[in-house]
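Chain and residue survey
What follows is the residue order along each chain.
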4 protein chains.
Amino acid sequence: MDSRKKNLLVSWLGRGNPARQSHNLPMSEFFPNIPTIKYEGPLSDNPFAFHHYNPEEIVAGKSMKEHLRFGAAYWHCMRNGLGDPFGEGTALMPWDSGEETLDNALNRVPVFFEFLSKIDIDYYCFHDRDISPEGETLAQTHEMFHKVVEKMETFQNQTGKKLLWGTACLFGHPRYAHGASTSPNADVFAYSASQVKNAIDATHRLGGPGYTFWGGREGYGSLINTDMKREVDHLAAFLHMAVDYAKSIGYTGQFYIEPKPREPSTHQYDSDSAACLNFLREYGLLEHFKLNIETNHATLAGHTMEHELEVAMNADALGSIDANRGDELIGWDTDQFPTNIYGTTNVMLRLLKMGGFTTGGLNFDAKRRRESHEPEDLFHAHIGGMDAFARGLKIAAKIIEDGRFDEFVKTRYSSYDEGIGADIESGSATLESLDHYAQGINPPQLSSGRQERLENLLNDYL
Amino acid sequence: MDSRKKNLLVSWLGRGNPARQSHNLPMSEFFPNIPTIKYEGPLSDNPFAFHHYNPEEIVAGKSMKEHLRFGAAYWHCMRNGLGDPFGEGTALMPWDSGEETLDNALNRVPVFFEFLSKIDIDYYCFHDRDISPEGETLAQTHEMFHKVVEKMETFQNQTGKKLLWGTACLFGHPRYAHGASTSPNADVFAYSASQVKNAIDATHRLGGPGYTFWGGREGYGSLINTDMKREVDHLAAFLHMAVDYAKSIGYTGQFYIEPKPREPSTHQYDSDSAACLNFLREYGLLEHFKLNIETNHATLAGHTMEHELEVAMNADALGSIDANRGDELIGWDTDQFPTNIYGTTNVMLRLLKMGGFTTGGLNFDAKRRRESHEPEDLFHAHIGGMDAFARGLKIAAKIIEDGRFDEFVKTRYSSYDEGIGADIESGSATLESLDHYAQGINPPQLSSGRQERLENLLNDYL
Amino acid sequence: MDSRKKNLLVSWLGRGNPARQSHNLPMSEFFPNIPTIKYEGPLSDNPFAFHHYNPEEIVAGKSMKEHLRFGAAYWHCMRNGLGDPFGEGTALMPWDSGEETLDNALNRVPVFFEFLSKIDIDYYCFHDRDISPEGETLAQTHEMFHKVVEKMETFQNQTGKKLLWGTACLFGHPRYAHGASTSPNADVFAYSASQVKNAIDATHRLGGPGYTFWGGREGYGSLINTDMKREVDHLAAFLHMAVDYAKSIGYTGQFYIEPKPREPSTHQYDSDSAACLNFLREYGLLEHFKLNIETNHATLAGHTMEHELEVAMNADALGSIDANRGDELIGWDTDQFPTNIYGTTNVMLRLLKMGGFTTGGLNFDAKRRRESHEPEDLFHAHIGGMDAFARGLKIAAKIIEDGRFDEFVKTRYSSYDEGIGADIESGSATLESLDHYAQGINPPQLSSGRQERLENLLNDYL
Amino acid sequence: MDSRKKNLLVSWLGRGNPARQSHNLPMSEFFPNIPTIKYEGPLSDNPFAFHHYNPEEIVAGKSMKEHLRFGAAYWHCMRNGLGDPFGEGTALMPWDSGEETLDNALNRVPVFFEFLSKIDIDYYCFHDRDISPEGETLAQTHEMFHKVVEKMETFQNQTGKKLLWGTACLFGHPRYAHGASTSPNADVFAYSASQVKNAIDATHRLGGPGYTFWGGREGYGSLINTDMKREVDHLAAFLHMAVDYAKSIGYTGQFYIEPKPREPSTHQYDSDSAACLNFLREYGLLEHFKLNIETNHATLAGHTMEHELEVAMNADALGSIDANRGDELIGWDTDQFPTNIYGTTNVMLRLLKMGGFTTGGLNFDAKRRRESHEPEDLFHAHIGGMDAFARGLKIAAKIIEDGRFDEFVKTRYSSYDEGIGADIESGSATLESLDHYAQGINPPQLSSGRQERLENLLNDYL
């Protein structure tokens, strides 16, 4: 997850530009030239239509929308001005006054729900500070937050749209510069706790089946001034408090941790799936948390997305997915929309094998390029991601139904299904018994791993 | 650890070149022009002398040699022909016939111990296949192995040199192309077990206080043909067998796992410290294993060496160190000798804080550049590494004695020593109590982290 | 290009294994279970058939084989034992005795031509040392080389197969450890010259329309012992000599330089397209050289393949292509077969726009994974690459015919087609005139770059 | 160079916080608790003193200040709020109202010159938009700019501080999102020209001996919508206009281009030294431009700083240096202060060999960490960089005076000083003559490159 909070402050047309003032257009039409996106099939050349995503179409026993459970990110859709470290935001957001006020915050809500309706996405995700501003006092901050939450609830009820997960932004404000629950300053820990309490309350009220922790500042800039052990202990204490609080209020949603190795920090403690699982095991938290895996975070950690998914699945800890893609030649989080069919196929293969999401979904934690600053680009971007995942789903279903991949892998390991292999798996073999066995057999000859053949086969399904 | 086994097969002067034949020089002098290396102090400009490493000098309460416990790697010193993927070995090894025979293997032993004596290193490490060749049968392989072990034992006794840790090479032979204990072929698992049994036997006989697992092939080339869960289960079974076997023969040495993310495999399961710890926790192995951390493997995983050391230390799992350095602009294991004073200082700071090694040491898993192919380069390389660690030790001791760094860090976290911070650490605070507290305080103001000031201070110690 | 020369020396079944001895099978059938590969169309599930590559099918006005001009690499097909820095070769090559003899070299020739015939590839590439061994003397080395060249010529005539380009291996032998034409040792420069003279002679004799320089050792391990200026001057002198020599013998083929940033050296002078062009311009060589661009080398330099192609094309210097793909999460040259349809489409788009190859072709500088060690894997690998490029060609032709991409780009820059933009392009505008102009216009408003829309459109063609 | 323009807009204490209001302190004391920094020698433990930089001390024939020609960056010192993509600025700047007004811009000038005086740095660098804001119209923008320039001139005269180079910010404003001189919109090209004209005027007026181009947006986000050839042509036209304009007004300062491979763009055309030189050669600009090399940009391009310096020096094109350091494990521009002694030594070695700067200097294009947000951290950071370069200078001077490195390299290439080597260098050798020569000599034997020995020797100088 990736909230470029500041970017939303200023949009280049926002300073007195007429285009910006014109937001007293009919409130039901913030995207006046964009139709509601519908499925038209692969032969359509209408860019404002799905060519592959057909929500009600049944694939592998479920509708596409049930499989994919798409989510949109409030931060990228509503609050990302598309700035970068070298330049101001470019995004045209005529509905947004650019002010950090409750009014402006409330005004954004119908825009977002119109977007969800037009793009036909059922779920959304948000941080507390995406939807409402920092106040003069913490109490005022919370008060404004819950007012916006109330409006979100109303719009949920009116539109049928649902919250996928909520979270708190514990990385944007300067008070979190040295960490939130890992801050050297205990008052900052308390502020973090206060935000999380309220964000869990809101998630509970909005019926969100999940709540996510992303620790962009939970790490260090340098070890030279850091007590890593103490910080990680504090992080664990923080998560235990969240678990306890949820229990106390009867919130039964799933908690997620989202791994990422770096950016903004030099190192974040939740650096990849294995690091998260190690932490959760060490501090007795594994039963309470699953992972929210993101493609671009996986590659920044030096792993493929499918690797991170399998690591999580093998620990029964894959909870949800932040759908995007990175540029592997670039060393930061580009958060591009997922349009690579190989990538979406690889994700859907794992999801189908896992039996699909329980509480999670495919949340588009992805942003348009800074050069794609017009509102319609929001639609192109999401359409592309949704169509790519629809293709990935259909290809994955075909691969599984066909069975040739699974058969190959099953056969490849079949020497463990009986004889000495079965002894190894059952625990009855020892180094000594295997030493004895090995000295009595012909030297083992390997069969080819056939990677190239299997890569060709994969292409045949595309 | 890094055995470039093949490279040693052929050395370019090895084919009928007179220089190679001349190894019937007096057996006590394989390095005829190299003196025994002694400390001469920082003003010396003798390249064949230590300028900083003074073995008996007391630093922070112990002699330098006790602190540093240097080890030399049999594979790099004796068996690394300095080939690379694009070129043949270049190393001049006039004592080596280039043949994969027991005789040649036995001939190398006195050379290595002469090297240890001249360079004044007390410990060494080896793989089974470094010291003796593959035979026609597994039984013959083991037989040759134990003959060389016997000769090593004799030389240990004669010279007082000691084994730091032993290991088995489960990555060089084609039979391990698809993994050793993670091979899809159960017979290969059995072969691995047989090698490890014998390598543990040898380590036990040679009095080695540690035994290392490095899983260069314990991973995958591609997930397309891999059952990751089954492979990791097999890896855990394998390590449990090793633990059980050690117990059965009364071997009480420490087991180590050595993390590395990739190369030779696309992904190795023991990819970094956190991944190893997660695995060890999941499979109930954490009490039996510590980590052997290598600088170049840390950086290939995207981490600093000091990060990996602290992760291991915080889990009470730092066992030993493979001393080298990488080139962070290069994406493979360059295994250069550690000559960067910042790097050695950072390692020694952690070691001193941990209280020093118990069973482990600083094993130079480092090789000369391919262009440094003369025997004397072996000496330059090790002298450089030893002097750099001696400087690192002295600087680290000064830093700790001076106390300014520790004081800064202690003060930085002091808000957790009392009040709300102490409540957080004691577990008496909750999200609700902290929410209440936070609403009642002034907004927290951070003190600077002073990273630049501390970096300047570090330079003052150099 | 990537000659893992040593790896071929030993194959694990090569030492006395019966499978290896059995190479006195009928010499016309080295791949007895592999049929000649033919086009069967996308519905075929025969792995030993092309599903997309239909050599005589006309696409965009030419047959697929004329467009693609596939080449096979002698080094990977015949001499790559599939070893890596941590392990011996695994490749089964029953026709190969494992000896570095002229006889064994001559025996490989019919195997290679049988492979070319069965896989239906028209061209091939080779280094001098791929096809024949190092002799006792340089004269003997050359003599053996020309004997094998003679046999290659015979087989070319018999089979109709053709040489795409030749080259000399100036990186494998220890004498080149410090460089070939950039060696600090002038005698090594002379040896390099001698090899290149003979390799050009052979290329001329075999009718090769191109000759390639790849400078794996033309760079440095460290600047600490290097005179970069002098080395680069020597490199330029060397290339001028080659140009002069070609002229003197009437060889009119195209010279190529192949960029790669590192591996085996820390830095190679020919690091990417721009570095090569800069060098060629500085030393007056640009009229004589074009570039041979490789995907995996592009990504190791931090560039996309399409970037490197466009840089070369814009300088009218794209000569030939080494077709493969890398793994961008891995920091070395994995030389995988190109099976990614996005990648092949991007290459073919540029090739079609350039008007196709003149002297060059798509040479598979790609190797099977070490785990794919059976002879049939050679076929799977090449089939996959050929089918992927066939798909890329067809998609690219469709994109160009359709014209929507080109139209978008043309329109995007249309402000330079007239008015102030035309003044800029014609050279009639100045800073002052533009300053004056800019102060008189409304602030420029950008249109969206529509990257996401175009990425969706690209997916529509797949 | 790196202007994080937006970050300065808001500082967290800036919104109504008392600390921020207190800037009506005596205008002569913006850094009230910071003394003027003076040399106190290596034994001092005063953090607000130089321990190594002694401006008037003579080293290698010149004073340290003449050698080092330190510059401070207006953008980092005055305008960098220390925000990052995930969080707001943290920097405390009590003198700054946070407003984008001329008044606020004018108010910053005395602060900066007080900083230069207290830190004892003689030179500075700036972008147009650092020192003055964007106006309602372009004319107004220029007007405000020249008012601030006038004030800068006054302060230069009063303090003796000097401009090192000026530049225009052509990357921050949304109008430059698709490029400045490489924008697809010709009006944007005209705006760029207008800014550069005025920035050259200002640099001329302020007596700046250099003017820099950094093309953060002169590249592409994706090739999918880009006409690279046309864009690069436009870039060249732009630079020619600047050259012509300078001539027309009698400005004789040196033009610089600053290489960087990416960030903010996916690819920038000025990606590294070689790419810049290639471009300058192609378009006939090499006589008018030199390079401004930055360490962090070098490493992002995959090169060491010393590599980039040598490439530039060998083309007689090293003009100036942006002094900083990166974190090689991190894929973006961290712009840390240069405190690594190895790094500064390597830079100073090249500078001394080149004979020192002519028009250029060591400009600290470096920023404090976001966690180091207090004004005093600006001083720690610059002191650390200045001391590190002072040490680098002294070490480099010692190395050159001592001569052992130079002697080693000279000897290593001595075979080119006579005989066949001299024939090669003189151009009298040919492939044929060398082939003949090579067949008549004994096979060349290499001497060791002694990299390890030389690395030890380098440590001896530290």
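You'll find the structure just up there.
Thresholds applied
Residues numbered from 1 in each chain as written. Chains lettered and ligands numbered in written order. Predicted model: local features only at pLDDT ≥ 70, side-chain atom pairs only at ≥ 80, totals over all residues. Buried ≥ 20, exposed ≤ 12 C-beta atoms within 10 Å, placed from the backbone. Helix = DSSP H or I, 4+ residues; strand = E, 2+ residues; numbered from the N terminus. Pairing = 2+ DSSP bridges. Contact = placed C-beta atoms within 7 Å. Nonpolar A, V, L, I, M, F, W, Y, C, P; charged D, E, K, R; others polar. Axes fitted to C-alpha atoms, helices over the stretch in contact; angles between N-to-C directions. Left-handed = near helix turned anticlockwise from the far one by under 90°. Least-squares fit on C-alpha atoms with pLDDT ≥ 70 in both. Expected span 1.5 Å × (residues − 1). Arc of directions from axis to C-beta.

Points about the pairing of strand β10 (residues 254-257) of chain A
Residue and element names in this part refer to chain A.
- Residues Q254 and Y256 line one face of β10 and the alternating positions F255 and I257 line the opposite face, and both faces are buried.
- As paired elements, strand β8 (residues 210-213) and β10 share four bridges and run parallel to each other. Of the residues in β10, the one forming a bridge with Y211 is F255.
- Sheet topology places β10 next to strand β12 (residues 289-294); three bridges connect them, and they run parallel.

Observations regarding the interface of chain A and chain B
- Facing 74 residues of chain A, the contacting portion of chain B comprises 74 residues.
- Taken together, the residues of the side of chain A that touches chain B break down into 39 nonpolar, 19 polar and 16 charged.

Quick notes on the interface of chain C and chain B
- In this complex, chain C contributes 30 residues to the contact, which on the side of chain B involves 30 residues.
- Residue classes in the side of chain C that touches chain B are distributed as nine nonpolar, 12 polar and nine charged.

What to know about the packing of helix α7 (residues 186-205) of chain C against helix α8 (residues 228-249) of chain C
All names here are of chain C.
- The N-to-C vectors of α7 and α8 enclose an angle of 35°; their axes lie 11 Å apart at closest approach. Handedness of the α7/α8 crossing: right-handed. For the pair α7 and α8, the contacting residues are F189, S192, A193, V196, K197, I200 and H204 in the first and H234, F238, M241, A242, Y245, A246 and I249 in the second.

Some details on the relation of the copies chain C and chain B
- Overlaying chain C with chain B gives an RMSD of 0.0 Å, the required rotation being 180° about an axis along which the chain moves by 0.0 Å. This pairing of chains is accounted for by a two-fold axis. For chain C, the minimum C-alpha distance to the rotation axis belongs to C:G331 and amounts to 1.8 Å.
- When the interface residues of chain C are mapped onto chain B, 100% of them are again interface residues, pointing to one common binding face.

Examining helix α6 (residues 138-159) of chain C
- Under the 1.5 Å per step criterion, the end-to-end length of α6(C) is 31 Å for 22 residues, consistent within 8% with the ideal 32 Å.
- Taken residue by residue, α6(C) has C:L138, C:T141, C:H142, C:F145, C:V148, C:V149 and C:M152 as its buried positions. Within α6(C), the buried residues cover an arc of 130° as seen down the axis, which keeps them to one side. Counted as exposed and oriented over 90 degrees from the buried face of α6(C): C:N157 and C:Q158.
- Those residues of α6(C) that are buried lie in contact with α4 (102-119), α5 (128-131) and α7 of chain C together with α16 (431-440) of chain D.
- Downstream of α6(C) by one or two residues, C:G160 has phi in the positive range, about 80°.

Side note on the environment of A:L116
All names here are of chain A.
- Within the element layout of this structure, L116 appears in helix α4 (residues 102-119).
- Judged by C-beta crowding, with 25 C-beta atoms within 10 Å, L116 ranks as buried.
- Taking the C-alpha atoms as reference, L116 lies 7.5 Å from A72; in sequence the two are 44 residues apart.
- Leaving out residues up to four positions away in the same chain, L116 has contacts with A72, I121, Y124, T159 and K161.

A closer look at the relation of the copies chain A and chain B
- Mapping chain A onto chain B calls for a rotation angle of 180° and an axial translation of 0.0 Å; the resulting RMSD is 0.0 Å.
- Of the interface residues in chain A, 100% have counterparts in chain B that sit at the interface too, so the contact is made through matching surfaces.

Observations concerning unusual backbone geometry
- Cis geometry is adopted by the peptide bond preceding C:P264, which originates at C:E263 and carries an omega value of 10°.
- For C:P264, the position within the fold is in the loop between β10 (254-257) and β11 (267-268).
- Even without being a glycine, A:R69 presents a positive backbone phi close to 40°.
- By secondary structure assignment, the location of A:R69 is in the loop between α2 (64-68) and β5 (70-73).
- The phi angle at D:A60 is positive, at roughly 50°, despite the residue not being glycine.
- Relative to the assigned elements, D:A60 resides in the loop between β3 (58-59) and β4 (62-63).

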